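# Architecture at a glance
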Amino acid sequence: MKAITYTQYGSPDVLQLQEVEKPTPQAGEVLVRIHAASVNALDWHLLTADIFVVRFSEGLFKPKRNRLGADMAGRVEAVGSGVTLFQPGDAVYGDIEPFGSGAFAEYAAIPATALAPMPQNATFAEAAALPVAALTALQGLRDVGKIAAGQRVLINGASGGVGSFAVQIAKAFDAEVTAVCSTRNVAQARALGADHVIDYTQADFTQSGQQYDLILAANGYHSLGAYKRALAPGGVYVMAGGKTRQIFEAMLLGAWYSRGGDKKLTNVMAHASVPDLRVLNEWIEAGKLKPVIDRCYPLHQTADALRYLGEGHARGKIIITVTDDAATGRSV
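Residues numbered from 1 in each chain as written. Predicted model: local features only at pLDDT ≥ 70, side-chain atom pairs only at ≥ 80, totals over all residues. Heavy atoms only, no water.

### Some words on the overall build of the chain
When you go through the chain residue by residue, the secondary structure sums to ten helices and 15 strands. Taking 2.2 N^0.38 as the reference for a compact globule, 332 residues should give roughly 20 Å; the C-alpha atoms of the chain span a radius of gyration of 20 Å, in line with that estimate. Summarising its shape, the C-alpha atoms of the chain cover approximately 60 × 45 × 35 Å along the three principal directions. A burial count over the chain gives 58% of its 332 residues as buried. Of the contacts formed within the chain by residues at least 6 apart in sequence, a portion of 70% connects residues at least 24 apart. Surface accessibility of the chain: about 13900 Å² in total, with carbon and sulfur atoms responsible for 51%. For the chain, the separation between the mean place of its 30 positive charges and that of its 31 negative charges on side chains is 5 Å. (Helix = DSSP H or I, 4+ residues; strand = E, 2+ residues; numbered from the N terminus. Rg over C-alpha atoms; globule rule 2.2 N^0.38 Å. Buried < 20%, exposed > 50% of the residue type's maximum accessible area, 1.4 Å probe, protein only. Contact = heavy atoms within 4.5 Å. Areas by Shrake-Rupley, 256 points an atom, 1.4 Å probe, with all protein chains shown as cover. Lys, Arg positive; Asp, Glu negative; His and termini not counted. Charge placed at Lys NZ, Arg CZ, Asp CG, Glu CD.)

### A few points about the packing of helix α4 (residues 131-144) against helix α9 (residues 274-285)
For the pair α4 and α9, the least separation of the axes is 10 Å and the interaxial angle reads 95°. It follows from the interaxial angle that α4 and α9 lie roughly perpendicular. Facing α4, whose interface residues are Pro131, Ala134, Leu135, Leu138, Gln139 and Arg142, α9 presents Asp276, Leu277, Val279, Leu280 and Trp283. (Axes fitted to C-alpha atoms, helices over the stretch in contact; angles between N-to-C directions. Parallel < 35°, antiparallel > 145°, perpendicular 65-115°, else oblique.)

### Here we look at the pattern of salt bridges
Within the structure shown, the criterion is met by 13 salt bridges. With a shortest N-O distance of 3.3 Å, aspartate 213 and arginine 152 are connected by a salt bridge. Of the two residues, aspartate 213 is situated in strand β11 (residues 212-217) and arginine 152 in strand β8 (residues 152-156); the sequence distance between them amounts to 61 residues. Overall, arginine 152 belongs to the partly exposed group, its relative accessible area being 30%. When salt bridges that share partners are traced, they join Asp13, Asp304 and Arg307 into one network. (Salt bridge = Lys/Arg side-chain N within 4 Å of Asp/Glu carboxyl O.)

### With respect to the pairing of strand β5 (residues 91-95)
Across the five residues that make up β5, a large majority, five, are buried. The alternating pattern of β5 places Ala91, Tyr93 and Asp95 and Val92 and Gly94 on opposite faces, both of which are buried. Sheet analysis places strand β4 (residues 71-79) next to β5, joined by five bridges and oriented antiparallel. The partner of aspartate 71 across the bridge, within β5, is aspartate 95. Two elements, β5 and strand β7 (residues 116-117), share two bridges in a ladder whose sense is antiparallel. (Pairing = 2+ DSSP bridges.)

### A short note on the pairing of β11
Sheet faces and side chains relate simply in a regular strand, where the side chains alternate between the two faces. By the criterion of burial, β11 is predominantly enclosed, with six of the six residues buried. Pairing geometry for β8 and β11, over four bridges, is parallel. Considered in β11, the bridge of asparagine 156 is made with alanine 217. Crossover connection from β11 via helix α7 (residues 224-229) to parallel strand β12 (residues 231-239): handedness right-handed. (Right-handed = clockwise from strand over helix to strand, strands pointing away.)

### Let's talk about a nonpolar patch on the surface
Taken together, the side chains of Phe52, Val53, Phe56, Leu60 and Phe61 present a nonpolar region at the surface, about 590 Å² in accessible area. Of note, phenylalanine 61 is situated in the loop between α2 (54-58) and β4. (Patch = residues over 30% accessible without salt bridge, like charges linked within 9 Å, V, L, I, M, F, W, Y side chains within 5 Å.)

### Remarks on the environment of tryptophan 283
Locating tryptophan 283 in the fold gives a position in helix α9. Under the relative-accessibility criterion, tryptophan 283 is labelled buried at 12%. The spatial distance from the C-alpha of tryptophan 283 to the C-alpha of glutamine 168 is 9.6 Å, given a sequence separation of 115 residues. Excluding residues that lie within four positions of it along the chain, tryptophan 283 makes contacts with Leu138, Ile169, Ala172, Phe173, Lys288 and Leu289.

### Focus on the packing of α4 against helix α5 (residues 161-172)
At a minimum axis separation of 8 Å, α4 and α5 run at an interaxial angle of 50°. With respect to their mutual orientation, α4 and α5 come out oblique. Seen from above, α4 lies across α5 with right-handed handedness. Here Ala133, Ala134, Thr136, Ala137, Leu138 and Leu141 of α4 lie close against α5, whose contacting residues are Gly161, Val162, Phe165, Ala166, Ile169 and Ala170. (Left-handed = near helix turned anticlockwise from the far one by under 90°.)

### Focus on α9
If you check α9, its first and last C-alpha atoms are 16 Å apart, about what twelve residues at 1.5 Å a residue would give, namely 16 Å. All buried positions along α9 are accounted for by Val274, Asp276, Leu277, Leu280, Asn281, Trp283 and Ile284. Each buried residue of α9 lies within a common arc of 170° when the element is viewed along its axis, so the set occupies one face. More than 90 degrees from the buried face of α9, the exposed residues found are Pro275 and Glu282. Here α9 starts with a cap whose side-chain oxygen sits 3.1 Å from the backbone nitrogen of aspartate 276, and that cap is serine 273. Once α9 finishes, glycine 287 follows within two positions and takes phi at roughly 80°, a positive value. (Expected span 1.5 Å × (residues − 1). Arc of directions from axis to C-beta. Polar contact = N/O pair within 3.5 Å; in protein donor to acceptor, adjacent residues only side chain to side chain.)

### Concerning the environment of serine 11
Its location among the elements puts serine 11 in the loop between β1 (2-5) and β2 (16-19). Along the backbone, serine 11 and tryptophan 44 are 33 residues apart, and their C-alpha atoms lie at a distance of 8.7 Å.

### Brief notes about α4
The buried fraction of α4 is high, at twelve of 14 residues. Along α4, the residues classified as buried are Pro131, Val132, Ala133, Ala134, Leu135, Thr136, Ala137, Leu138, Gln139, Gly140, Leu141 and Val144. A positive backbone phi angle near 55° is found at lysine 146, which sits one or two residues after α4.

Any link to function would need more than the numbers given here.
In structure tokens form, the structure reads like this:
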């Protein structure tokens, strides 16, 4: 089978499309014919080691694992012994990063318990767009931010992968949503359901005097002090993505900035969760959640997809189409 591999840290230029051995599902695993995968900031960090601590877990001088790709959607081709959750032909999706990644490939052998049935009205490309980004938005808003109906919620970086999901998920919780994005993405933010849209090239929400019960920052840099100023009493700021400096500032200084008051500044470290994927399924099938797909690249152009991601201007998700029907094929 064909798969994208890499043996050294670096730019997307180090990625190679190679023939590798097709896996055989072991006990408790299913073999999935991958139809689509999506690109995440996680892939960029693993590839480039731009966050130096990546080297402590992934290999100091070269990566321990040689495959990228967390999000995938496809059809079960074979099942290992003991598997009763799925059978050949079932359309499934999930986050396979905890099992070594490898979604940028034609096949993957994955524990059956790590996968969820695809939403019935989603294409493979749409399903592949969901796991990492949508779970980050869901867990950041619900579990860390404790979102509640009627709250004033601001999504900074509302046009990217996490941000476009966060706007819709906040609306699913019946919040009053303000989206922050660039001029070219204002119409998209409104279409996703935002009640208010701030064009950050025209106004700085941290200087407006308006305060919010919950701020989720998927991108867009402001100091922690500025975010704190924009929080209402009892409010929560959740860092869900951004530049290296933003990530470390929230992780290392969030508790310090939170001291001596009732405003909390923290971050979300999303985790794979099949129950949460099923929550997403319900919203997708009810029409409350729709993945925004910016561009699609065939498997052999995965390096180009990573380069585009690295530019930092994607509108929604970037998809790797492994089969011809990735953008049109559905679970049924």
